[in-house]
Amino acid sequence: MRTPHHIVTHPEIDPYEELAELDKLGIRALEPEGDEDDEDDWAPPNHRRGGRRRRRRGRLAGLPRATKAVIGLLAVTAFLTLADRWALLYAEHRAADALKDRMNLTAAPEVEIGGFPFLTQLAGEQLESVRITVPDVAADQVSLAKVTATAKNVRLSTDGPTSLRGFRIPAMDGDVLLSFADLNRELGASRMKFTAQGRNGILARGTLPVAGHDLRLRAEARVDRDGTGGLTTEIGGIRLDIGELATYRPGTRPSQGLHLTRTSATLLSKQTSKAKALLSVPSVVRRLGVPESAVRRALSSDTELSKLTGTPSFVRQAMSVNLLDLALEHPEVLKRLGLDPGLLKALPSLTRPALTDRLSLAFRLPKPPRGELHLTDVRVEENGIRVRLTGAGLEFP
């Protein structure tokens, strides 16, 4: 039989009595600082915003003084560089406008001022270098000539940093370029193409519409200086090909005019009807230099005709006849040869001066207000005609 457990009961402890006893012993319970009302105003701290502000202040505060000085110096340098570049652009723009007005250019040139910094050069009223590019200068038949020049030690006349009265260029050098690409585009109405041929030679090839026919135009040109300020072109070897039938060369010499090609003259000697039509014209016979007795035999016998026209001398003589001399008197004969009467009427208007004007590549430098500009050397390159340019004592007041 188990012995029952005794349950011991303790008297109930009053917490307020314990606090009173502790107070008697001089021991105070820990109490939260501040008023009890602070609990109502409490809110969670904003660790993110406060932390960032403390970290940012910490980074700047932690930099050495030398580093701070370098950062400040860089900021000042950047500001001064920006101001220098702004003043440079302003000066380039003003100089371009001044050149356009005082040299009567159709468009403002491109001006590039070299050296750094610009403001110190402006203060000293002297620029290290100035590069000027004029992209569009009138050149007679061609309006696109590019002029590029570089000047050294340009002296300025100013009334302050923003007022430029003028400038003086002691010496400059550069070049003038007549680009073949521009020439081909400018003379596109005649569908011409220019290519280099030696140091001073140019070949012109293309087509020219005449009386409803596209004639192949070929010419040779030689370019040279015209005095010290211009470029001239000497055109030679102009010819217009009417297919494989005939060739027209403007002029009054025996080799000029309208002549059968060797191919068509050879075919003519083998075509009985065309040969007889040509030999039936007395003026043609006289130009051929064939005896009249031989002509009569040829017109009455195909065998005799074949003997006459089958010789190399007949081909050469047929090629020597100027067909324009027959155009008015015997247009039917030329028509039988395959020549259009309308084309024959239009060809005489294509004189040498008229065709030369179409191919002219002349050029003259614009005259500066003061000083001298000279062209000193002409050469034909792969991309165009380049002429060396020099200048001295140039002033733009």
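Residues numbered from 1 in each chain as written. Predicted model: local features only at pLDDT ≥ 70, side-chain atom pairs only at ≥ 80, totals over all residues. Heavy atoms only, no water.

Under an unreviewed UniProt entry, the name given to the protein is DUF2993 domain-containing protein, and the source organism is Streptomyces cinnabarinus.

Visitor: Would you mind going over the overall build of the protein in detail, with residue names and values included?
Guide: Looking only at helices and strands, the protein features 16 helices and 13 strands. The buried share of the protein, taken over its 397 residues, is 36%. Taking as baseline every contact in the protein between residues at least 6 positions apart, the subset at least 24 positions apart corresponds to 53%. Within the structure as shown, the protein displays about 24900 Å² of accessible surface, and the carbon and sulfur contribution to it stands at 53%. (Helix = DSSP H or I, 4+ residues; strand = E, 2+ residues; numbered from the N terminus. Buried < 20%, exposed > 50% of the residue type's maximum accessible area, 1.4 Å probe, protein only. Contact = heavy atoms within 4.5 Å. Areas by Shrake-Rupley, 256 points an atom, 1.4 Å probe, with all protein chains shown as cover.)

Visitor: Lay out the packing of helix α8 (residues 272-279) against helix α11 (residues 302-309) with the relevant residues and their values.
Guide: For the pair α8 and α11, interaxial distance at closest approach is 11 Å and the crossing angle is 80°. By the angle between their directions, the pair α8 and α11 is classed as roughly perpendicular. On α11, the residues touching T272, A275, K276 and L279 of α8 are D302, L305, L308 and T309. Residues of the contact of α8 with α11, tallied by class, amount to four nonpolar, two polar and two charged. (Axes fitted to C-alpha atoms, helices over the stretch in contact; angles between N-to-C directions. Parallel < 35°, antiparallel > 145°, perpendicular 65-115°, else oblique. Nonpolar A, V, L, I, M, F, W, Y, C, P; charged D, E, K, R; others polar.)

Visitor: An account of unusual backbone geometry is requested, with residue identities and associated values reported.
Guide: Glycine aside, residues mostly have negative phi, and peptide bonds are mostly found in the trans state. Following F116, the chain continues to P117 via a peptide bond in cis, the omega torsion being -5°. With respect to the element layout, P117 can be found in the loop between β1 (110-113) and α5 (118-124). Residues other than glycine seldom take positive phi values, yet N153 does so here, at roughly 55°. Residue position: N153 is located in strand β3 (residues 142-158). With relative accessibility at 40%, the residue N153 sits in the partly exposed group. Here A211, not a glycine, exhibits a phi torsion of approximately 50°, which is positive. Looking at the element boundaries, A211 is found in the loop between β6 (201-210) and β7 (213-226). Judged by relative accessible area, which is 41%, A211 ranks as partly exposed.

Visitor: Please give an account of the side chain of N200 that cites residues and values.
Guide: Following the sequence through the fold, N200 ends up in the loop between β5 (192-197) and β6. When its relative accessible area of 15% is taken as the criterion, N200 is described as buried. Within the structure, N200 has its side chain in polar contact with the backbone oxygen of V378 (distance 3.3 Å). Not counting chain neighbours up to four residues away, the residues in contact with N200 comprise A221, R222, V223, V378 and V380. (Polar contact = N/O pair within 3.5 Å; in protein donor to acceptor, adjacent residues only side chain to side chain.)

Visitor: So, the pairing of strand β8 (residues 230-242): which residues are in play, and what are the values?
Guide: Inspection of the sheet shows β7 paired to β8 by 10 bridges, in the antiparallel sense. Of the residues in β8, the one forming a bridge with R218 is R239. Taking the residues between adjacent antiparallel strands as the criterion, β7 and β8 are bridged by three residues, where G227 takes a positive phi near 70°. Pairing between β8 and strand β11 (residues 363-364): two bridges, direction antiparallel. Bridge pairing in β11 places L231 opposite F363. Pairing of β8 with strand β9 (residues 246-249) involves three bridges; the strand directions are antiparallel. Note that in β9 the partner of D241 across the bridge is T247. Hairpin connection of β8 to β9: three residues between the antiparallel strands, including G243 at a positive phi of 60°. (Pairing = 2+ DSSP bridges.)

Visitor: So what about helix α12 (residues 312-320)? Which residues, and what values?
Guide: Of the positions making up α12, those classed as buried are F314, V315 and A318. Buried residues in α12, looked at end-on, bunch into an arc of 100°, giving them a common side. Tucked into the core, α12 has its buried residues touching β10 (257-260), α7 (262-270), α8, α9 (282-288) and α11. (Arc of directions from axis to C-beta.)

Visitor: I'd like to hear about the packing of aromatic side chains, residue by residue, with values.
Guide: What the rule picks out here adds up to one aromatic pair. When the ring of W86 is compared with that of Y90, the centres are 5.8 Å apart and the planes differ by 10°; the resulting orientation is stacked. One end of the pair, W86, and the other, Y90, are both in helix α4 (residues 65-102), four residues apart, so they sit about a helical turn from each other. Residue W86 is classed as exposed on the basis of its relative accessible area of 55%. (Phe/Tyr/Trp six-rings, centres within 6.5 Å; stacked < 30°, edge-to-face > 60°.)

Visitor: Can you lay out the pairing of β6 for me, pointing to particular residues and giving the numbers?
Guide: Counting buried positions over the 10 residues of β6 gives seven, a clear majority of the element. As judged from the six bridges shared by β5 and β6, these two strands associate in the antiparallel manner. Along β6, the bridge assignment pairs M192 with G206. What sits between the antiparallel neighbours β5 and β6 is a turn of three residues, in which G198 has the positive phi angle 80°. Alignment of β6 against β7, held across 10 bridges, turns out to be antiparallel. Within β7, the position partnered with V210 by the bridge is H213. Between β6 and β7, which follow one another and run antiparallel, lie two residues, and A211 among them has a positive phi close to 50°.

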